[in-house]
Amino acid sequence: MVVKKLEIGCGNKPKEGYAHFDIRPLEGVDVVGDARKLPFKDGEFGEIYSRFFLEHLLRQDAKLTLKEMNRVLMKKGALEIIVPDIEYFCRLFIEGDAQKKEWALNKIYGFEKYPEDHHNFGYDFEILKNYLEEAGFSRVKRVLPKTDKDKQYLQVKANKAGN
């Protein structure tokens, strides 16, 4: 059996090997829609990947989206999420020079290069873990950064609860 994989919020850099879902009709996007109401069947996917997407949603919309992600995952389904680490960027803003402060603000609020390119919420591990557990995920684990550059990102893996 081939496990179907879904990337939510792929933008203009879709990950190879996944079906691609985004709110914008960009090249490489397979399905355009609103992640708060995913147009997929219950348990349709074995894996969901989402990179630099969740921070673009309002808190309540993020919670709805995480529940939708859980709904479309099959039993033993895996979720991987990567978001900017708000703790890292707050520290960078406080301790950095003008250039680092500007970078931190861009990562906290978004670059504003297109209408959806703004951030509505920031995550640290504790907040994201709580939201994932509220949405029905279990075994929520932080993936430790492999490089110094990766320290600016919060990478989390989880599974559908009850597995």
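Below is a short write-up of the structure. Keep in mind the model is a prediction, meaning the values are calculated, not measured.

Rules of the game
- Residues numbered from 1 in each chain as written.
- Predicted model: local features only at pLDDT ≥ 70, side-chain atom pairs only at ≥ 80, totals over all residues.
- Heavy atoms only, no water.
- Helix = DSSP H or I, 4+ residues; strand = E, 2+ residues; numbered from the N terminus.
- Rg over C-alpha atoms; globule rule 2.2 N^0.38 Å.
- Buried < 20%, exposed > 50% of the residue type's maximum accessible area, 1.4 Å probe, protein only.
- Areas by Shrake-Rupley, 256 points an atom, 1.4 Å probe, with all protein chains shown as cover.
- Lys, Arg positive; Asp, Glu negative; His and termini not counted.
- Charge placed at Lys NZ, Arg CZ, Asp CG, Glu CD.
- Salt bridge = Lys/Arg side-chain N within 4 Å of Asp/Glu carboxyl O.

Description of the overall build of the protein
- The helix and strand tally for the protein stands at 4 helices and 7 strands.
- Ordered by position from N to C terminus, the α and β elements of the protein give β-β-β-β-α-β-α-α-α-β-β.
- Radius of gyration (C-alpha) of the protein: 16 Å, near the 15 Å computed for a compact globule of 163 residues.
- Seen through its C-alpha atoms, the protein measures out along the principal axes to roughly 50 × 35 × 30 Å.
- Taking all 163 residues of the protein together, 42% fall into the buried category.
- As presented, the protein carries roughly 9,400 Å² of accessible surface, and 52% of it is formed by carbon and sulfur atoms.
- Here the protein holds 29 positive side-chain charges and 27 negative ones, and the gap between their average locations is 5 Å.

Focus on the pattern of salt bridges
- Across all of its chains, the model carries 12 salt bridges by this definition.
- When the shortest N-O distance is used, the salt bridge between Arg-51 and Glu-7 registers 3.7 Å. Remark: Glu-7 occurs in strand E1 (residues 5-8) and Arg-51 occurs in strand E4 (residues 45-51); sequence separation between them is 44 residues.
- Lys-151 is paired through a salt bridge with Asp-148; the nearest N and O atoms lie 3.1 Å apart.
- Take Lys-151: its relative accessible area is 43%, and that puts it in the partly exposed class.
- Each of the salt bridges in this network shares a partner with another, and the network as a whole consists of Asp-34, Arg-36 and Asp-61.

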